[in-house]
Amino acid sequence: MIRLLFPIWSGRQRLANLLRYSSKNSLLDQGIQVHAASLRMGFDFDLMLSNDLIDMYSKCGVMDTASLVFDRMTERNVVSWTALMCGHLQNGNAKATLSLFFQMAFSCLKPNEYTFSTNFKACGILNVPEIGMKIHGRCVLTGFETIPVVGNSIVDMYSKCGRINEAVMMFNVLPVKNLISWNTMLAGYTLAGQGEKALLWFHRMLENGEIPDEYTLTTVLKACSRLGKIREGSMIHGFLITSGFPCSGKAAIAGSLIDLYVKCGNLAGAQRVFNQIGEKNVISWSALILGYAQEGNLAEAIELFKQLQNNSKQVDGFVLSSMMGVFADFALVEQGKQMHAYAVKVPSGSEISVSNSIVDMYLKCGLLDEAERLFNEMPARNVVSWTVMITGYGKHGIGKEAIRLFDQMQSNNIEPDGVTYLATLSACSHSGLTKEGEEYFSQLCRNRWVKPGIEHYACMVDLLGRDGRLKEAKDLIENMPLKPNVGIWQTLLSACRVHGNLQLGKEVGQNLLTLDGENPVNYVMISNIYAEAGYWKEYEQVREMAKAKGLRKEAGRSWVEIDKVVHFFYGGDDTHPMIDKIHRVLKEMERRMKEKMGYVHGVKFALRDIDEESKVESLRVHSEKLAIGLALCHGGWDEARVIRVFKNLRICGDCHDFIKCLSKIVKVVFVVRDANRFHQFKDGLCSCRDYW
């Protein structure tokens, strides 16, 4: 009898080996054939083979079939449950992983170390520390937290959930601390924006005799980049060279070094590192390309990208998405269209992340119709795709479309994340949809997986503020479970300015200066609310306070693209070769507006310590007006067309009134993207309804 069974069981092992080979190499077709063979041989309900099948289908990304195998099993062990949990996690469905964990709790089976570590990773990805703490509690009771793989996963979970103190406490009680433990803490501090502590932790790690690996070094370099610590980063670079570490052969480290020098404003240093790399990969190229782009040297960035294309390197989705992001931020629509055309021709251009970036680029360039068309044509969409489109509708002031899309997204079984809720609430705020915004915020507060953050509360403050419900907005800030930050008080102060509530504005302004007395924006906002109320003495005092501290706000800059050339203007700029003609055109427009509409300059937006005539002149040279003047010089104003202007700061009240009036007397539609949103000026009206 034993002799008869032996061939069957040896065949069973061969099937298992084939499934594991298929799993390791993602060979779905071969795996399906082995599955069919196992059914023919009568192994339909074999526990070991079923577990291997779950693993194989999961590794090949076919989670529906993996779940089907699991559901049909007559017997399951902890490996069965854990294999399916891992599969969901690897395929980006962390919620399904945690759901299985809680289902498993009702069976008689107990989790093992891999079950726990997988679910801690899921909690970290979803940022649900409350659930992570519950699992941690169960882990303590079963004694698994002392196992390194579990202990490290707990540290990682707390770090990714922003609970860095809990992560430190867990690290300190780990009975065995290995390199992964140290790396996890380093990454946690860096992710939490505590770069200084990350560097201290790195030194402590070296003192404990741990030898850093590639991950350690890239994390520490990232911390230096975020802090702008060129000296510390250069010292690490020097350490790498003197210790004989093969920087040029390690793509991640080379990329991190380039990123360090770029973030610290040392492009020459970044270029030197790049030149020393023997075999340059896409990471190195992209780091330098983005460095030049972020410094505003778009010509060099585009030239490097062309070199990358000619270097026979496969341009990956990250580079395409990043370049598209650069063109989106600067609203370079012609370059964006060229990149779109290139993306269509390369394999990585079909990646969903690239498609999302293309849609985002068209939205940020003000081409809403093109973005809608591409979104509707996408063969597959993820939560980012929907969020990008919802954000775009919100920025364009089309709140009804944004909430329609949000509802449709949920109907399609795509779960919104925190960013999606933020985009939807912002869209409601920009469009004055107060009731809808309150409903979605309530929905968010009831959500098991996503918890409202400070940004969501800020949106609600903005929503209530726009509706004139300033006391409710203030009460919301004071009663929310999170500590108020600068941004949320700035939001309330803006609402106070719009509704002329000086008393509350003074109180909010004091909170702002207490929280962040070194931010020039706060002084500008506070002085503006005094100016609009006519309290010039207080206005001067606030301005003098900022001046005494040496604080200066970011310079306003606007740009417009004409015949594929981008023209940049600063306030008071007189360097453009056509500046005289621009001023003549603007004066002619002012004359017509005065005659037809009685337009007068909003001199309250000008500097106070100059005469009336000088105030008018200072307003005429605001950067967005100069950009519009140049566009009117090219093409005139008697033909129906659209002029798109982009600005790095919020548009001022005088320019807003000026462009509104201008759109009434010419056939041109003006689309202005400022730091907050899009403004479409047509027939004397703005899409923002004068609240931005």
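Residues numbered from 1 in each chain as written. Predicted model: local features only at pLDDT ≥ 70, side-chain atom pairs only at ≥ 80, totals over all residues. Heavy atoms only, no water.

Under an unreviewed UniProt entry, the name given to the protein is DYW domain-containing protein, and the source organism is Gossypium darwinii.

(A) Layout of the overall build of the protein. Within the protein one finds 36 helices and six strands. The C-alpha atoms of the protein give a radius of gyration of 30 Å, which matches the 26 Å a tight globule of 692 residues would have. Here the C-alpha coordinates of the protein stretch approximately 110 × 55 × 55 Å along the principal axes. For the protein, the share of sequence-separated contacts (at least 6 apart) that also reach a separation of at least 24 residues comes to 62%. In the form shown here, the protein has an accessible surface area of approximately 33000 Å², with 53% of it arising from carbon and sulfur atoms. Here the protein holds 79 positive side-chain charges and 75 negative ones, and the gap between their average locations is 2 Å. (Helix = DSSP H or I, 4+ residues; strand = E, 2+ residues; numbered from the N terminus. Rg over C-alpha atoms; globule rule 2.2 N^0.38 Å. Contact = heavy atoms within 4.5 Å. Areas by Shrake-Rupley, 256 points an atom, 1.4 Å probe, with all protein chains shown as cover. Lys, Arg positive; Asp, Glu negative; His and termini not counted. Charge placed at Lys NZ, Arg CZ, Asp CG, Glu CD.)

(B) Structural context of the environment of Ser558. Structurally, Ser558 is set in strand S1 (residues 557-562). For Ser558, a relative accessible area of 0% translates into the label buried. As a C-alpha pair, Ser558 and Ile236 span 322 residues in sequence and 39 Å in three-dimensional space. (Buried < 20%, exposed > 50% of the residue type's maximum accessible area, 1.4 Å probe, protein only.)

(C) Spatial organisation of the pattern of salt bridges. As enumerated under the stated definition, the model contains 30 salt bridges in all. Asp654 is paired through a salt bridge with Lys625; the nearest N and O atoms lie 2.5 Å apart. Of this pair, Asp654 sits in helix H36 (residues 653-665) while Lys625 sits in helix H35 (residues 623-633), and the two are 29 residues apart along the sequence. We note that Asp654, like Lys625, is buried. (Salt bridge = Lys/Arg side-chain N within 4 Å of Asp/Glu carboxyl O.)

(D) Main features of the UniProt feature "repeat: PPR" (unreviewed entry) in the protein. Feature annotation in UniProt places "repeat: PPR" (unreviewed entry) on residues 46-80, 178-212, 281-315, 351-381 and 382-416, given in this structure's numbering. The span residues 382-416 is 74% helix and 0% strand, and its two end C-alpha atoms sit 10 Å from each other. (UniProt positions renumbered as here; feature names shortened; annotations may be inferred.)

(E) View of helix H7 (residues 113-126). Counted at 1.5 Å a residue, the expected span for H7 with its 14 residues is 20 Å, and the 20 Å between its end C-alpha atoms agrees. Of all 14 residues in H7, 10 are buried; the element is thus mostly enclosed. Among the residues of H7, Thr115, Phe116, Ser117, Thr118, Asn119, Phe120, Ala122, Cys123, Gly124 and Leu126 are the ones counted as buried. Contacts from the buried residues of H7 go to helix H5 (78-90), helix H6 (94-104), helix H8 (129-142) and helix H9 (148-160). (Expected span 1.5 Å × (residues − 1).)

(F) Fine view of the packing of helix H26 (residues 434-446) against helix H27 (residues 454-466). Between H26 and H27, the shortest axis-to-axis distance is 10 Å and the interhelical angle comes to 160°. When the interaxial angle is binned, H26 and H27 end up roughly antiparallel. The way H26 lies across H27 gives a crossing that is left-handed. Residues Thr434, Gly437, Glu438, Phe441 and Leu444 of H26 lie in contact with H27, whose contacting residues are His456, Tyr457, Met460, Leu463 and Leu464. Along the lines of polarity and charge, the residues of the contact of H26 with H27 split into six nonpolar, three polar and one charged. (Axes fitted to C-alpha atoms, helices over the stretch in contact; angles between N-to-C directions. Parallel < 35°, antiparallel > 145°, perpendicular 65-115°, else oblique. Left-handed = near helix turned anticlockwise from the far one by under 90°. Nonpolar A, V, L, I, M, F, W, Y, C, P; charged D, E, K, R; others polar.)

(G) Spotlight on the packing of aromatic side chains. For the structure shown, the criterion picks out 19 aromatic pairs. Arranged with centres 5.6 Å apart and planes meeting at 40°, the rings of Trp559 and Phe568 form a pair that is tilted. Three or more aromatic residues link up through ring pairs in this structure, and these residues are Phe101, Phe102, Phe116, Phe120 and Phe144. The ring of Phe70 has Arg76 sitting right over it, with the charged end atom 4.2 Å from the ring centre. Above the plane of the ring of Trp201 lies Arg204, whose end atom (NZ or CZ) is 4.4 Å from the centre. (Phe/Tyr/Trp six-rings, centres within 6.5 Å; stacked < 30°, edge-to-face > 60°. Lys NZ or Arg CZ within 6 Å of the ring centre and 35° of its normal.)

(H) Focus on the pairing of S1. Counted residue by residue, S1 has five buried out of six residues, so it is predominantly covered. Relative to strand S2 (residues 565-570), S1 runs antiparallel, the two sharing six bridges. Of the residues in S2, the one forming a bridge with Val560 is His567. Between the end of S1 and the start of S2, which pair antiparallel, lie two residues, with Asp563 showing a positive phi angle near 50°. Across two bridges, S1 lies against strand S3 (residues 641-647) in antiparallel orientation. For Ser558, the partnering residue across the bridge sits in S3 and is Lys647. (Pairing = 2+ DSSP bridges.)

(I) Focus on the side chain of Glu561. Looking at where Glu561 falls in the secondary structure, it is placed in strand S1. Here the side chain of Glu561 touches Val333 through a polar contact of 3.3 Å, landing on its backbone nitrogen. Other than its neighbours up to four places away in sequence, Glu561 contacts Ala331, Leu332, Val333, Glu334, Gln335 and Val566. (Polar contact = N/O pair within 3.5 Å; in protein donor to acceptor, adjacent residues only side chain to side chain.)

(J) Seen up close, the packing of helix H28 (residues 470-479) against helix H29 (residues 486-499). Following both chains from N to C, one finds H28 and H29 inclined at 170°, their axes separated by 11 Å at the closest point. Overall, the two elements H28 and H29 adopt an arrangement that is roughly antiparallel. Here Leu470, Ala473, Lys474 and Ile477 of H28 come into contact with H29, specifically with Ile488, Trp489, Leu492, Ala495, Cys496 and His499. Across the contact of H28 with H29, the residue classes break down as eight nonpolar, one polar and one charged.

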